[in-house]
Amino acid sequence: VFVLPKNAQYVLLPKVVAGPGRLANWACKGECAIGRGLWLWDFRTYLFRNIYGSANGTHISQQPRQPNGHILFSLPVGTTHTDKVTTFHDLIEAAQARYGQDRIKAVDMAKLSIQEQAHLVRNTAVYFTNHGGGSASALFLDRDATLIIYHGVGRQGEAKMLDRHFWNSLGYAIVQWVHPDDHHDVPRALLMIERALELIDGDN
């Protein structure tokens, strides 16, 4: 999934699954975000159909998340802004100690095929990621999953919420943002996981 940068004039896209068009981050602000959750859910189905074929993709997109869904961490392996992102290292260790290593998935999405990303994220209950393009695979989340996005840090140390209009209107998943001041607050993040899992268990 590629979101056109606001000031871009030319973009080379050698291989894409789909473009978000009017659903792109900069295509909507304020009241026009109302009702976009359904459109984004339809776009999710469209992505699955492009990845797996029309019939198979529709079927796969409608399958429920596996029991005890993953707690997934998207690692910012390829970033050149290492001082502006979090690697989740301490949180991953704490989550593994609480929920077991099998349930915790910490991956470099760039090393996975688009099919592998779709399968992994579709079966995820709680997804941690930094803001920006690396969060795009969160579109594959199932209903009532929780997406936890860590704010970036601007040049003056201010919090930056890239793609905020896009994710805040996701609709079918719960979206939470973590301020840079709280990036290393492991107890708070563990509580966010606990509450997210409680919401899912309450719906089942």
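Residues numbered from 1 in each chain as written. Predicted model: local features only at pLDDT ≥ 70, side-chain atom pairs only at ≥ 80, totals over all residues. Heavy atoms only, no water.

**Student:** Explain the environment of Phe 128 to me, please; I cannot follow it from the model alone.
**Tutor:** If you trace the backbone, Phe 128 turns up in strand β3 (residues 124-130). Considering only alpha carbons, one finds Phe 128 and Leu 72, 56 residues apart in sequence, at a separation of 6.1 Å. Phe 128 has contacts with Ile 71, Leu 72, Phe 73, Ser 74, Phe 88, Leu 91, Ile 148, Tyr 150, Ala 189 and Ile 193, leaving out every residue within four places of it along the chain. (Helix = DSSP H or I, 4+ residues; strand = E, 2+ residues; numbered from the N terminus. Contact = heavy atoms within 4.5 Å.)

**Student:** Explain the side chain of His 183 to me, please; I cannot follow it from the model alone.
**Tutor:** The residue His 183 is located in the loop between β7 (174-178) and α6 (186-203) in this model. A polar side-chain atom of His 183 sits 3.0 Å from the main-chain carbonyl oxygen of His 151. If we skip the residues at most four places from it in the chain, His 183 touches Thr 86, Tyr 150, His 151 and Val 178. (Polar contact = N/O pair within 3.5 Å; in protein donor to acceptor, adjacent residues only side chain to side chain.)

**Student:** Explanation requested: the pattern of salt bridges in the structure shown.
**Tutor:** It is possible for side chains bearing opposite charge to pair when their charged atoms get close. All told, the structure shown has 1 salt bridge when counted by the stated rule. Measuring nitrogen to oxygen at the nearest pair gives 3.9 Å for the salt bridge that ties Arg 98 to Glu 194. Of this pair, Arg 98 sits in helix α3 (residues 89-99) while Glu 194 sits in helix α6; the two residues are 96 residues apart in sequence, bridging distant segments of the chain. Note on Glu 194: relative accessible area 34%, which makes it partly exposed. (Salt bridge = Lys/Arg side-chain N within 4 Å of Asp/Glu carboxyl O. Buried < 20%, exposed > 50% of the residue type's maximum accessible area, 1.4 Å probe, protein only.)

**Student:** Help me out: how do you make sense of the nonpolar core in this one?
**Tutor:** Soluble, globular proteins show a tendency: their nonpolar side chains are buried together. In this structure, Tyr 127, Leu 139, Leu 141 and Trp 167 are the most contacted members of the largest nonpolar core, which totals 28 residues. If you list the elements that add at least two residues to this core, you get α1 (36-52), α4 (114-122), β4 (146-150) and α5 (164-168). Among the elements that make up this core, the one with the highest residue count is α1 (6 residues). Counting 21 residues, the second largest nonpolar core, distinct from the first, contains Val 126, Leu 190, Met 192 and Ile 200. (Core = buried A, V, L, I, M, F, W, Y, C linked by side-chain atoms within 4.5 Å.)

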